[in-house]
Amino acid sequence: MQDFRDLLKTTDPDVAAALAGEERRQKGGVEMIPSENYTYPEVLALLGSVFTNKYSEGYPGRRYYGGQDFTDAVEELARARACAVFRAGHANVQPLSGSPMNQAVYLGFLKPGDTVLGMELSHGGHLTHGAPASHMGRLFNFVRYKTDPARAGAIDFDALRATALAARPRMVLCGFSSYPRDLDYVAFKAIADEVGALTMADVSHIGGLIAGGVLNNPMDAGFDFMTTTTHKSLRGPRGGMILCKAEHAKKIDSSVFPGLQGGPHMNVVAGVAVTLRIAATPPFRAYAGQVIANAKALAEALLADGIQLITGGTDNHMMVIDTVASFGLDGAEAERVLDAIGITTNKQIVPDDPRPPLKPSGIRLGTPAATTRGMREAEMRELAGLIAEALRHPADEAVLTRLKSACGEICTRFPVPGIG
Ligand code: DSN
């Protein structure tokens, strides 16, 4: 069969050139944005399969369009596998991505003006956890809690309990997009129970690490809802899913469709089914463990070089370097310098950051994508050396050129799944 790239060169040479460039970029550099990964070749192929042609409003056995034998089959598989992998009573695999996934929970179970406790954005929470800039932040009354820098970034549960007793939230929400520690879901649940609140954990970043059994699982602590995107540490296609107790099944399903969304993307749902089959296997558990081992190796090497990490280290797949304190560079400058040597990161606000989000005090690094390529602790130590040297010589073209070629050499040893 003709490679689609050859066809694309004729149909649209501009997009063909952009695709070729992106393939080169993904192969030739090290991806260290903690929310990114390389999905499986089978999933890449399913995203471009005939499942993309199908409309499937509704749920298996209850659709509004005909011709659903095979879409029903893949959605049933995805739902059953999600419940098994995450030990949940029910799964909805239709959310198109992380924001609608969280919105479906809020809109299905809260009334406008209801109070929700959520982690402060600069302490690692997410925009969809009620940041004032988000529509959800205007619709509901989000009360924010913080982490405690004096205790390696742990949540201060005494302070959280006092806030909950004063605010009487309808929901206690935990989860993060920039927090390098694990969470004590039992402690969150105890506080929520005391004030009669629902519990929700957004584990988008760490869904794969929970599936792999290397981080705590909120469902084991009796949470009402757990949401996760499917494309981060889980390695699947871009999408979202909601896990919940069986008693919430009907309400969550109608909140996703018809409440919030129309037709699900069945090419993605098929990819999610495959992703979850793999997530239940021993090699995936080994992968999840290696993601954390690599993050710890990277963090230890950076710390040993005198570099300052927010919370002083990591227990998961990510870390945040305070680049202002460590190098006198803001996060935007640090991101640009590392881009120049082939290491992709993202600028990141730090707890109570005095700087603006486009020129914040740090950068965020993560290991899921590099681990997927097969990199191990030794490569993490090499990369730590390249990162430190580049950020100490941000304007020295000769140094940056040498570091870029060292980074490229590491990449040649580790092929990218789906690209080669
Ligand atoms: N964009 C994701 C991340 O990088 O964490 C979260 O939305």
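All values derive from a computational prediction rather than experimental measurement.

A look at the nonpolar core
Phase 1 of the analysis: Counting 60 residues, the largest nonpolar core has Phe86, Ile155, Tyr185, Phe188, Met241 and Leu243 as the members making the most contacts within it.
Phase 2 of the analysis: Broken down by element, the residue count for this core peaks at eight residues, all from helix H11 (residues 266–279).
Phase 3 of the analysis: Ranked by size, the runner-up nonpolar core spans 37 residues in total, among them Ala299, Ile363, Leu365 and Leu383.

Digging into the site of the ligand
Phase 1 of the analysis: Taken together, the neighbourhood of the ligand is formed by Ser35, His126, Ser177, His205, Lys232 and Arg364.
Phase 2 of the analysis: Serine 35 is positioned with one of its side-chain polar atoms (N or O) 2.6 Å from an oxygen atom of the ligand.
Phase 3 of the analysis: Within the side chain of histidine 205, one N or O atom sits 2.7 Å away from an oxygen atom of the ligand.
Phase 4 of the analysis: Its free accessible area being 230 Å², the ligand has 63% of it covered by the protein chains.
Phase 5 of the analysis: Looking at the shell around the ligand residue by residue, the class counts come to no nonpolar, four polar and two charged.

Examining the packing of aromatic side chains
Each aromatic ring pair is described using two quantities: the centre-to-centre distance and the angle formed by the ring planes.
Phase 1 of the analysis: Per the stated rule, a full pass over the model turns up 10 aromatic pairs.
Phase 2 of the analysis: Pairing tyrosine 106 with phenylalanine 140 gives two aromatic rings, centres 6.1 Å apart and planes at 70°, and the pair type is edge-to-face. Here phenylalanine 140 lies in the loop between helix H6 (135–139) and strand S6 (141–145) and tyrosine 106 lies in helix H5 (residues 98–109), a separation of 34 residues in the sequence.
Phase 3 of the analysis: Through pairs of rings, three or more aromatic residues link up here, namely Tyr106, Phe140 and Phe142.
Phase 4 of the analysis: A cation sits over an aromatic face here: arginine 235 above tyrosine 40, 3.9 Å from the ring centre.

Focus: the packing of H5 against helix H10 (residues 249–260)
Phase 1 of the analysis: Two numbers describe how H5 lies on H10: the axes approach to 9 Å, and their chain directions differ by 110°. The angle between H5 and H10 places the two elements in the roughly perpendicular class. As for how H5 packs across H10, the hand of that crossing is right-handed. Contacts between H5 and H10 involve Pro100, Gln103, Ala104, Val105, Leu107, Gly108 and Phe109 from the former and Lys251, Ile252, Ser255, Val256 and Leu260 from the latter.
Phase 2 of the analysis: Split by residue class, the contact of H5 with H10 holds eight nonpolar, three polar and one charged.

Calculation criteria
Residues numbered from 1 in each chain as written. Predicted model: local features only at pLDDT ≥ 70, side-chain atom pairs only at ≥ 80, totals over all residues. Heavy atoms only, no water. Core = buried A, V, L, I, M, F, W, Y, C linked by side-chain atoms within 4.5 Å. Buried < 20%, exposed > 50% of the residue type's maximum accessible area, 1.4 Å probe, protein only. Helix = DSSP H or I, 4+ residues; strand = E, 2+ residues; numbered from the N terminus. Near = heavy atom within 4 Å. Polar contact = N/O pair within 3.5 Å; in protein donor to acceptor, adjacent residues only side chain to side chain. Areas by Shrake-Rupley, 256 points an atom, 1.4 Å probe, with all protein chains shown as cover. Nonpolar A, V, L, I, M, F, W, Y, C, P; charged D, E, K, R; others polar. Phe/Tyr/Trp six-rings, centres within 6.5 Å; stacked < 30°, edge-to-face > 60°. Lys NZ or Arg CZ within 6 Å of the ring centre and 35° of its normal. Axes fitted to C-alpha atoms, helices over the stretch in contact; angles between N-to-C directions. Parallel < 35°, antiparallel > 145°, perpendicular 65-115°, else oblique. Left-handed = near helix turned anticlockwise from the far one by under 90°. Contact = heavy atoms within 4.5 Å.

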